[in-house]
Amino acid sequence: MNTKKCFLRLFFLIFSLILYSEEKFDDEDYQYFLKINAGYIEASETFLTEQAIIKYNKDLKEESRLSSYCLFNKSGQFVRIKSKNKIQYFFSSNEGYWLYNKNLKTPLKISGAYKIEEFEVQDILKTDFKNDYKILEYKNNDFILEKQNSKASYKYIIFTKKAKNIFELKFTDAKQTPIKKLVYHIENIDGYPCFAKIDVYDMLFEKNTYSSWVTMSIKKADIPASLFSYSQLKHLTQKMENLIKK
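In short, a report on the structure. (Residues numbered from 1 in each chain as written. Predicted model: local features only at pLDDT ≥ 70, side-chain atom pairs only at ≥ 80, totals over all residues. Heavy atoms only, no water.)

Along the protein, the regular secondary structure elements total 5 helices and 15 strands. Split into buried and exposed, the 246 residues of the protein put 46% on the buried side. Sequence separation of at least 24 residues holds for 46% of the intrachain contacts in the protein that already meet a minimum separation of 6. Just so you have it, the protein exposes about 14200 Å², and 51% of that area is on carbon and sulfur atoms. (Helix = DSSP H or I, 4+ residues; strand = E, 2+ residues; numbered from the N terminus. Buried < 20%, exposed > 50% of the residue type's maximum accessible area, 1.4 Å probe, protein only. Contact = heavy atoms within 4.5 Å. Areas by Shrake-Rupley, 256 points an atom, 1.4 Å probe, with all protein chains shown as cover.)

See below:
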């Protein structure tokens, strides 16, 4: 009887170890992704990046291209987007999101879901994956992230490593139905590891097109964190224009 009990205990111990090894996962890739993302939302210095926003059709042909500059600092992010007929500015901070252009006397507060050529402002400017989401489970080689506060726009994110330095994030609803897909390509630009390209796919409506936010240059900018405030947007706008002219 004792032998039988010992055998059963050994069997369950081995079975438990097998289950544990199957469920155990390594989140090293996700931590690397978080480190790159932190460079955009936790930077103690200010950085200026130059980007192109390119829209492609289903045949991978370029349909449109916009010029963009973005200032990043832990106190906020400020984007300048130039199209053929206008220049618009978008500001993101813990205070919220604002739109500003020459036709507005004062900056206009907007939702984080405001679209810029297929991009929601919050998705590109200020998604704090580290603090707004946590790993819920590891399933089929994917990390399932769950939102932790009301700041997060999506209930879940499915995080997948597609290749070396390429990560796919599917933003979903409460039923884990994909709403949007972002593919992050990490490279070194001007000596800084960054999201060199972010491909954005609408999973619900505009399935025949996708857009890319492509970073072409990065440099430090002598702009204090104190200017990254709603009350200082006009001053910050002038500072950005002076940087671009140099």
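We are not done yet, so read on.
Moving on: the pattern of salt bridges. For the structure on display, the rule yields 8 salt bridges. Across the pair Arg 80 and Glu 241 runs a salt bridge whose closest N-O atoms are separated by 2.7 Å. Taken together, the residues span a long stretch of sequence, with Arg 80 in strand E3 (residues 76-82) and Glu 241 in helix H5 (residues 233-245) at a distance of 161 residues. Just as Arg 80 is buried, Glu 241 falls in that class too. Lys 155 is the partner of Glu 146 in a salt bridge, and the nearest nitrogen-oxygen pair spans 3.5 Å. Given a relative accessible area of 16%, Glu 146 falls into the buried group. Counted as one network, the salt bridges with shared partners bring together Glu 168, Lys 170 and Lys 181. (Salt bridge = Lys/Arg side-chain N within 4 Å of Asp/Glu carboxyl O.)

Before going further, it helps to spend a moment on H5. An α-helical turn contains 3.6 residues, so a residue and the one three or four places further along point in the same direction. Across its 13 residues, H5 extends 18 Å between first and last C-alpha, which sits within 8% of the 18 Å expected from 1.5 Å per residue. Turning to H5, its buried residues are Leu 233, Leu 236, Thr 237, Met 240, Glu 241 and Leu 243. For H5, the arc enclosing every buried residue in end-on projection is 160°, short of the 170-degree limit, so these residues lie on one face. Against the buried residues of H5 lie strand E1 (46-56), strand E2 (62-73), E3, strand E4 (87-93), strand E5 (96-100) and strand E15 (210-221). (Expected span 1.5 Å × (residues − 1). Arc of directions from axis to C-beta.)

Of note, Asn 141 is a non-glycine position whose phi angle comes to about 70°, a positive value. On the secondary structure map, Asn 141 appears in the loop between strand E9 (133-139) and strand E10 (142-147). Even without being a glycine, Gln 176 presents a positive backbone phi close to 60°. Considering the arrangement of structural elements, one finds Gln 176 in the loop between strand E12 (166-172) and strand E13 (178-189). Note on Gln 176: relative accessible area 26%, which makes it partly exposed.

Going through the model one piece at a time under the given rule, you end up with 26 aromatic pairs. Between the aromatic rings of Tyr 40 and Phe 72, the centroid separation amounts to 4.7 Å while the plane-to-plane angle is 80°, which identifies the pairing as edge-to-face. With a gap of 32 residues between them, Tyr 40 in helix H2 (residues 28-41) and Phe 72 in strand E2 connect regions that are remote in the sequence. A cation over a ring is seen here: Lys 181 above Tyr 201, with NZ or CZ 4.5 Å from the ring centre. (Phe/Tyr/Trp six-rings, centres within 6.5 Å; stacked < 30°, edge-to-face > 60°. Lys NZ or Arg CZ within 6 Å of the ring centre and 35° of its normal.)

Here E1 runs beside E15; their pairing, made up of 11 bridges, is antiparallel. Across the sheet, the residue bridging to Lys 55 is Ser 211, located in E15. When strand E14 (residues 192-202) meets E15, the two strands line up antiparallel, connected through 5 bridges. When the bridges of E15 are listed, Asp 199 appears paired with Ser 212. (Pairing = 2+ DSSP bridges.)

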